[in-house]
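# Chain and residue survey
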Amino acid sequence: MTATIDKPTAPAEAGRSARSLVDTVFRAREISIAGALVLLVLFTWIAEPRFLNGQGVKDLLLNAAILVLLAVGQSVVVVTRNIDLSVGSVVGLSAFACGKFASGTDHGPLLVALLGIAVGAACGLVSGSLVSFGKVPALVVTLGMLYIIQGVDYWWAEGEQINAADVPQSVLDLGSGSVLGIPYLPLISFAVLAATAYFLRTYRSGRELYAIGSSPEAARLAGVPIRRRVLGAYVFSGAVAGFAGSLWLARFGTVVADNAHGWELTVVSAVVVGGVAIVGGTGTVWGAALGALLLTTIGSSLSVLKVDSFWEDAIAGALLLAAISVDRIVNVRMTRALRKRSAR
Amino acid sequence: VTLAGCGGTTKKDSDHNSGGGAKATDAKADPGAPLKKGLKLAFLPKQINNPYEKIVDDAGIAAAKEFSGEGKEVGPSDASASSQVSYINTLIQQRQDAILIAANDPNAVCGPLKQAMKKDIKVVAYDSDTAKDCRQLFINQASSEEIGRSQVQHIAEQLDYKGEIAILSATQNATNQNTWIEFMKDELKKPKYKNMKLVKTAYGDDDDQKSFQETQGLLKAYPDLKGIISPTTVGIAAAARYISGSSYKGKVVINGLGTPNQMRKYVKDGTVEQFSLWDPKKLGYLGSYAAAALASGQITGAEGEKFKAGKLGEYTIGKDGEVILGPPTVFDKNNIDDFDF
Amino acid sequence: MSQAVPTGVPVLALEGVNKSFGAVRALRDVSLELFPGEAHALAGENGAGKSTLIKTLAGVHRPDSGQVLLDGAPVVFHGPADARDAGIAVIYQEPTLFPDLSIAENIFMGRQPRRRLGRIDHKAVRAATAALMGRLGVALDPDRPARGLSIADQQIVEIAKALSFDARVLIMDEPTAALTGSETARLFSVVEALRAEGAAVLFISHRLEEIFRLCQRVTTLRDGRWVASEPLAGLTEDDLVRRMVGRDLDELYPKQDTRVGETALSVRRLTREGVFRDVSFDVRRGEIVALAGLVGAGRTEVAQAVFGVDRADAGEVRVGGKPLRPGSPSAAMAAGLALVPEDRRQRGLVMEMSIERNIGLTGLDRISGKGLVKRALERGRAADWAVRLQLKYGRLSDQVGVLSGGNQQKVVLAKWLATDPAVLIVDEPTRGIDVGTKAEVHRLLSSLAAEGLAVLMISSDLPEVLGMADRVLVMHEGRLAAELPRAEATEESVMAAATGRTGEGRAAA
Amino acid sequence: MRLLRTGLRWDTAVGVLLVAVFVTGLGTTDGFASRDNLAFAFNDIAEVALMALPMTLLVVAGQVDLSVASMLGLSSALTGQLWDSGWAFETIVPVVLLVGVAGGLLNGWLVTKVGLPSLAVTIGTLALYRGLASVVLGSNAITDFPENYAKWAVDTTTVPGTFITYPVALFIVLAVVAAVVLHATGLGRSLFAIGAQEDAAYYAGIRVGRIKLALFVVTGLVSAFAGVVFTLRYGSARADNGQGFEMLVIASVLLGGIDFDGGRGTLFGAVAGVLLIGVLKNLLTLNDVANEVQVIVTGLLLVASVLTPRLISTVGEWRHRRAAATSSN
Ligand SMILES: Nc1ncnc2c1ncn2[C@@H]1O[C@H](COP(=O)(O)OP(=O)(O)OP(=O)(O)O)[C@@H](O)[C@H]1O
Ligand SMILES: Nc1ncnc2c1ncn2[C@@H]1O[C@H](COP(=O)(O)OP(=O)(O)OP(=O)(O)O)[C@@H](O)[C@H]1O
Ligand SMILES: [Mg+2]
Ligand SMILES: [Mg+2]
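Because the structure is a prediction, the values reported are computed rather than measured. (Residues numbered from 1 in each chain as written. Chains lettered and ligands numbered in written order. Predicted model: local features only at pLDDT ≥ 70, side-chain atom pairs only at ≥ 80, totals over all residues. Heavy atoms only, no water.)

## So, the overall build of chain A
- Broken down by element type, chain A carries 13 helices and two strands.
- Over its C-alpha atoms chain A spans a radius of gyration of 22 Å, differing by no more than 12% from the 20 Å that the globule rule assigns to 344 residues.
- With respect to the three principal axes, the spread of C-alpha positions in chain A is 85 × 55 × 35 Å.
- Each of the 344 residues in chain A was classed as buried or not, and the buried ones make up 58%.
- For chain A, the share of sequence-separated contacts (at least 6 apart) that also reach a separation of at least 24 residues comes to 77%.
- On chain A, roughly 12,800 Å² of surface is accessible, and the fraction owed to carbon and sulfur atoms is 66%. (Helix = DSSP H or I, 4+ residues; strand = E, 2+ residues; numbered from the N terminus. Rg over C-alpha atoms; globule rule 2.2 N^0.38 Å. Buried < 20%, exposed > 50% of the residue type's maximum accessible area, 1.4 Å probe, protein only. Contact = heavy atoms within 4.5 Å. Areas by Shrake-Rupley, 256 points an atom, 1.4 Å probe, with all protein chains shown as cover.)

## Things to note about the coordination of the magnesium ion (ligand 3)
Residues and elements named next belong to chain C.
- Distances from the magnesium ion (ligand 3) to its protein donors, Ser51 (OG) and Gln93 (OE1), fall within 1.9 to 2.1 Å. Of this pair, serine 51 sits in helix α1 (residues 50–57) while glutamine 93 sits in the loop between β6 (88–91) and α3 (103–108), placing them 42 residues apart in sequence.
- The exposure class assigned to glutamine 93 is buried, which follows from its relative accessible area of 12%. (Donors = N, O, S within 2.8 Å, 3.2 Å for Na, K, Ca; no water.)

## Regarding the confidence of the model for chain A
- Per-chain confidence: chain A averages 85 in pLDDT, with 91% of residues scoring 70 or above.
- Every residue in residues 1–19 of chain A scores below 50 in pLDDT, and together they form 29 contacts with partners more than four places removed in sequence or on other chains. (pLDDT = per-residue confidence, 0-100.)

## Some remarks on the interface of chain C and chain A
- With 51 residues of chain C in contact, the opposing surface of chain A contributes 41 residues.
- Across the interface of chain C and chain A, roughly 4,000 Å² is buried in total on both sides, 58% from carbon and sulfur atoms.
- The three residues of chain C that bury the most area against chain A are Phe98(C), Asp100(C) and Glu273(C), which together make up 12% of that side's buried surface.
- Taken together, the links from chain C to chain A amount to one salt bridge.
- Here Arg207(A) ties to Glu105(C) by a salt bridge, and the two come within 2.6 Å at their closest N and O atoms.
- Where chain C meets chain A, there are eight residue pairs in polar contact (both at pLDDT 80 or more).
- Broken down by secondary-structure element, the contributors of at least two residues to the side of chain C that touches chain A are α2 (80–85), α4 (122–136), α6 (181–196), α7 (208–214), α16 (462–468) and α17 (491–498) of chain C.
- Top element by residues in the side of chain C that touches chain A is α6(C). It accounts for five residues.
- In terms of residue class, the side of chain C that touches chain A is built from 21 nonpolar, 11 polar and 19 charged. (Buried area = accessible area lost by both parts, 1.4 Å probe. Salt bridge = Lys/Arg side-chain N within 4 Å of Asp/Glu carboxyl O. Polar contact = N/O pair within 3.5 Å; in protein donor to acceptor, adjacent residues only side chain to side chain. Nonpolar A, V, L, I, M, F, W, Y, C, P; charged D, E, K, R; others polar.)

## Focus: the confidence of the model for chain B
Residues and elements named next belong to chain B.
- Across chain B, pLDDT averages 86, with 94% of residues at or above 70.
- Across residues 1–5, confidence stays below pLDDT 50; counting only partners more than four residues off in sequence or on other chains, it has eight contacts.
- With pLDDT under 50 throughout, residues 16–25 is counted as low confidence; its partners more than four residues away or in other chains account for 10 contacts.
- For this predicted complex, the interface score ipTM comes out at 0.86, while the overall pTM is 0.88.

## Describing the coordination of the magnesium ion (ligand 4)
Residue and element names in this part refer to chain C.
- Looking at the magnesium ion (ligand 4), one finds its protein donor set to be Thr300 (OG1) and Glu342 (OE), positioned 2.0 to 2.6 Å from the metal centre. Taken together, the residues span a long stretch of sequence, with threonine 300 in helix α9 (residues 299–307) and glutamate 342 in the loop between β16 (337–340) and α11 (344–348) at a distance of 42 residues.
- When its relative accessible area of 9% is taken as the criterion, glutamate 342 is described as buried.

## Topic: empty space enclosed by the protein
- Evaluated as defined, the whole model comprises 15 cavities of 30 Å³ or more.
- Along the wall of the largest cavity there are 20 residues; nearest its centre are Leu221(A), Ala222(A), Arg84(C), Val90(C) and Lys161(C).
- Secondary structure elements with two or more residues in the lining of the largest cavity: α2, β6, α3 and α5 (151–163) of chain C.
- Of the residues contributing to the lining of the largest cavity, the split by class is 14 nonpolar, two polar and four charged. (1 Å grid on protein atoms, 1.4 Å probe; cavity = no way out; pocket = protein on both sides within 12 Å on 5 of 7 lines; lining within 4 Å. Points joined across faces, edges and corners; volume = space filled by probe spheres on them.)

## Examining the interface of chain B and chain A
- Taken together, the contact pairs 32 residues of chain B with 31 residues of chain A.
- For the pair chain B and chain A, the summed buried area comes to about 2,800 Å², and 51% of that belongs to carbon and sulfur atoms.
- Considering only the side of chain B, the residues that lose the most area to chain A are Asn49(B), Gln209(B) and Lys220(B), jointly responsible for 21% of the buried surface there.
- Seen at the junction of chain B and chain A, the total is two salt bridges.
- Our count for the chain B to chain A interface comes out at seven residue pairs in polar contact (both at pLDDT 80 or more).
- Of all the secondary structure elements, the ones that give two or more residues to the side of chain B that touches chain A are α2 (51–66), β7 (196–203), α7 (208–221), α8 (233–244) and α9 (260–268) of chain B.
- Per element, the largest residue contribution to the side of chain B that touches chain A is nine residues, and it comes from α7(B).
- Split into classes, the residues belonging to the side of chain B that touches chain A amount to 11 nonpolar, 14 polar and seven charged.

## A look at the packing of helix α3 (residues 87–102) of chain A against helix α10 (residues 226–252) of chain A
All names here are of chain A.
- The geometry of α3 relative to α10 is characterised by a closest axis approach of 7 Å and an angle of 50° between their N-to-C directions. Relative to α10, the element α3 lies oblique. Considering the relative orientation of α3 and α10, their crossing is right-handed. Where α3 approaches α10, its residues Val87, Val90, Val91, Ser94, Ala95, Cys98 and Gly99 are matched on the opposing element by Ser237, Gly238, Ala241, Gly242, Ala244, Gly245, Ser246, Trp248 and Leu249.
- Residue classes in the contact of α3 with α10 are distributed as nine nonpolar, seven polar and no charged. (Axes fitted to C-alpha atoms, helices over the stretch in contact; angles between N-to-C directions. Parallel < 35°, antiparallel > 145°, perpendicular 65-115°, else oblique. Left-handed = near helix turned anticlockwise from the far one by under 90°.)

## Quick look at the site of ligand 2
- If you check the shell around ligand 2, you find Arg325(C), Ser328(C), Ser330(C), Glu198(D), Asp199(D), Tyr202(D), Ile206(D), Arg207(D), Val208(D), Gly209(D) and Arg210(D) and nothing else.
- Around ligand 2, the nearby residues trace back to chains C and D.
- Between ligand 2 and the protein, one listed contact pairs an oxygen atom with a side-chain N or O atom of Arg325(C) at 3.0 Å.
- For the shell around ligand 2, the secondary structure elements donating two or more residues are α11 (198–203) and α12 (208–234) of chain D.
- Per-class residue counts for the shell around ligand 2 are three nonpolar, three polar and five charged. (Near = heavy atom within 4 Å.)

Put into structure tokens, the structure is as follows:
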């Protein structure tokens, strides 16, 4: 064949400038959600200034804290092209277990949280083992687990209710106390969020989760220990959900068996709104956390804006659709603009 | 609306279809008949894992033992009418002697309940009524009118008859809550409440966390809110919990229906001054005896008939087959420690 | 270049290996030895078992019986990771990248350089990738996600991945199938350097001249059986073909003379910003027009825009004189267009569907009567084309996913030829197809053209372009750089236009 | 060997399980076999079963619609509201069905034109449609639906001589139609192709966008119709009717062996799955099995539905490997 002919190096330049733009687009996923959030808060604040007074901000953060935590756990699973529908049930079971454990005793918050984490991790271990070793579809398995855990929880609780009065004050303080005016719960969620984000970005095993979600086949060929990683993701998600259960107890004091019933869809929508692709491989926990914050803020805004209760669901649904549509359209436009730009 | 009435089946045509009336059975009551032994009673609550309903049903099942009957509780884990219907069907197949139901929807459970009555199974509604022609008796915890009006009266006294108030209810479709709310609104029309204003009815869906956040929303949206009435045990507990941990404590009055065990903490810490409820155990107990009296032929459900409900004494059936347990108890820090449920 | 049969211990070897998939016996008692410093070729028809052999060496498959020997000692690879840790680098036939991850991450997944506390050194990853790209002479941005890379670029990333660690054994399954001459030459010089440092190389290609250029020894497989292992020196291409096929082959580029008819496909000023610009050309009935150019010149993209799977920003496509509704493959098909896509795994085939259903997919209305699919028609259509393209398969109801790469390509061809198109666009039609069948495909294209079909052929295989085309269009960086009639198309003139050194070639219309 | 493998496919297994549960019920539980009970048991899942049909087609095409139950609720609320304001029932039904079509169009439009994943879109419309239902009807409950229509929905009216109620009869007819479409037509082939490899389907000239849109529209239509049936069956229109049914529909489809990733499954499996859930629930309730245990059983069945075929094929592979190893030596 012909002699070696070097390709001209001109495109390299184009590649460079395109790169920073590509970066922008990728970050835009989080930016557009953050933008929507800011708009919503500003709008509500202008209409009702009290929305952002001390108590108001505190409430916003408190409301989002648990959902953020769950969204972080869920993202780690979704990134691997799996899903964990059992989170709602896990929170319920763990909250009840923690309540049962703590009620009438003086167990400290640490002990209670550890129990919650252990319960959650155990549930995650079961789902994760089925998904990774059984090589069966995550959606079906975790939907099954949703029912199983829920059934066990109901069966155990027998309609019993744990009241705030029985829960040790130190545990309740965790849910309502604060440092420097910032309540503990959002601080805890933020810590978990930041640590998870850092791990996903800077550790091999974190990157491997993305690799698995992006292409399981390629991950196998690249020697990624898929089963171990997927199992790890589930145990993490379960542990986080279990932890959220113990925080639930701390925050609400009262627990019954069906706490967080039906939350799985809310968590999944927070994750999806936050730009974590349901088919795996892309998205960040920051985005998911923003998604969770956006969802809870929509709820808070609507009640502050005195929207008729009958309209709340409809408007929340419409806003959710608007948020993801705008995000998508912006993205498509940007990508196209980028392509055209790189032409010159 | 323009299309209305241009032929076809409309509501007006079919109105005559549903005029069944409350006529229960043609059988004659035999007030002297003894309570039958071995009666099979089934309690069908709104939802099995609701702590309040659990108390009611357990008391009813215990009561059945007193007259050598056999009680059981079955039901769905979600508070929906459609799931209750499946259970009614099974209870018919199992040939129970009586079904006691707290209806999630007064009409959706009607068809199957009528079938049950046709098969000579007695139907007693408790806590939350069904349509009148779908049951023989309704054991009302207290007269709906009294509950509704008294709640407004209580909170008005606490507020000196002025200020904005809101209601935190259960689900948008809860029959009993909606009835009470109607009476509350009616009561508020009286001139003595002219300085009070009901600003909003919020729905916490009998979900602890939702009720909690609805309370937040109410307080933020209505800065001048002075009081919240929550005629549901889940709602009032959640509202009290939010207020007790917020800057609104001591500034906003909470009243409504709650259980002493749930509210004890908030009464003690001063968040809540008073609230009311009937004794759910008595409700279950009365229901059980009423069902037994029906099944034994002592009563048929007609107005004016009387029956003995064990240690609670004698009750008389009122209009539309309603039996009223008695006035609700008002709990405050003086008496709350006398109760444990 | 060649040497005598090497002595010493082979780094990696197979001994009496058997491997079956269900009823298919892919490898029967095959042995192979790879020595340091030697490039070893693996030859065989489509479905002969080459890829299976490679996957056995790479730890993807476990042999049913027989052994893998590393430095003379038997080993068992429990997975690709084990083989990698033993110093074996593999480029698989089908690029398997992480579409959402950057090129740099793709290359270093699981092996990223780390800083203290096990944290990934992102900067080092990027720098190492840039260095690799420099070594291969390609300008791919390390931070660009792999999604949307052309098959050729994907292949280059795969190559970079394999070169990124100091492998003792480099195994390459048709790495050049989608590459043009210049990338291939670059690759070969890098491989030469590795070999000189003592690496053992195993190389598969259906382009026989490449085998002769790169390798010293060759092992031939036929129907999963070992046929011969011998030095290449002294062997001719014909000898090799005879070992593979078991008989002599006919002429490779059987170009028939045809009468050129009226214009069938006419493309005017077609533009997709950032991808290609102002592309105009005609293809007439009976004519085979080749679209040549370097990897990344925009050929595939032009084909996709013509067929309507991508939307053009400007310009017009006419088929048989009538304007084609843009952005609609179904309209394109109704107008008589067919596109054999380059990426058979994503776009060409539904991997988990059967052979017959895949072939039937492009003609659902033709194989149905009264709305119901007629199984007999469907099977007939598939069986007919399976024979014409010498498809090697078990049953027509088998999943296409289990076919060998070349045989999958034949199914894609069959699927589109069966639509009986007026204009056929083929993107790398013979990628991965063995020499025997390649001639068959060429004969088929030629005779279809003779019957009045208009063919637009995109190919990175220059001999194929020169051998088959009546006219050659050359693209350079998204523009048509030259249009060369058959007589003027030579390696030199095409390459000159493709690399932007125009002047010799006539400027495009 | 081959017979063994096809014989143990999960959808067949669900069918066998269904028959087994049914026969066990006949033998062990009195009251189960009565005409009344059977009519009730099947009629009780009529809406879920109806919605499971288009859902099966959607899932095969790699999509999902979580808004079905909310559409049912919206349709029910609308039926009630219009009926209450004096509309003729004959007018209400087509209007409500049109709303179903519109809802399906919105879902489909967001998925095909805006390019959003169906899971995300329909989580949004799940809230939207349920919200609209409560906007339409508020906290009211409308009753007194016309007897001449209601009688076609309730379990006391059956096809003469059988225990098949009319909603169930309709389900049977539609199931046959759906089975033919999915397994015997070009459209069915296209659905499998879209679900398995959308790009390849698109390149093959299949009108991916249009087909998906149509599927969502049909799903909206059927859900709206299910809403009318539900309303008549319970004689009660409320905004929260059918809340949570989406999970039940999806669970039955998955139980029937439809692969959520698309491209795999049979309609027979989905039908068997839905009926199994219905019959099992009836049987367990008759035997006073507590609700929470039923929930656990549903969960276990779901897990088994994916685990069992997996185990079977693993054992099969293992046996095959051993056979191959011995024969080649
Ligand atoms: N996973 C599998 N399942 C079933 N059969 C398989 C599988 N992989 C390969 N085969 C079969 O094994 C035989 C050898 O395939 P292989 O891919 O090794 O051929 P090849 O020599 O690489 O061909 P090509 O030149 O076309 O790439 C073929 O008949 C193929 O159908
Ligand atoms: N797999 C895919 N890859 C790229 N684009 C796609 C794909 N699927 C759908 N689209 C886009 O979706 C839109 C509609 O697709 P499709 O052609 O299937 O719908 P249609 O309504 O039948 O259109 P037409 O009548 O033009 O064929 C097109 O604009 C197309 O770009
Ligand atoms: Mg191969
Ligand atoms: Mg190309």
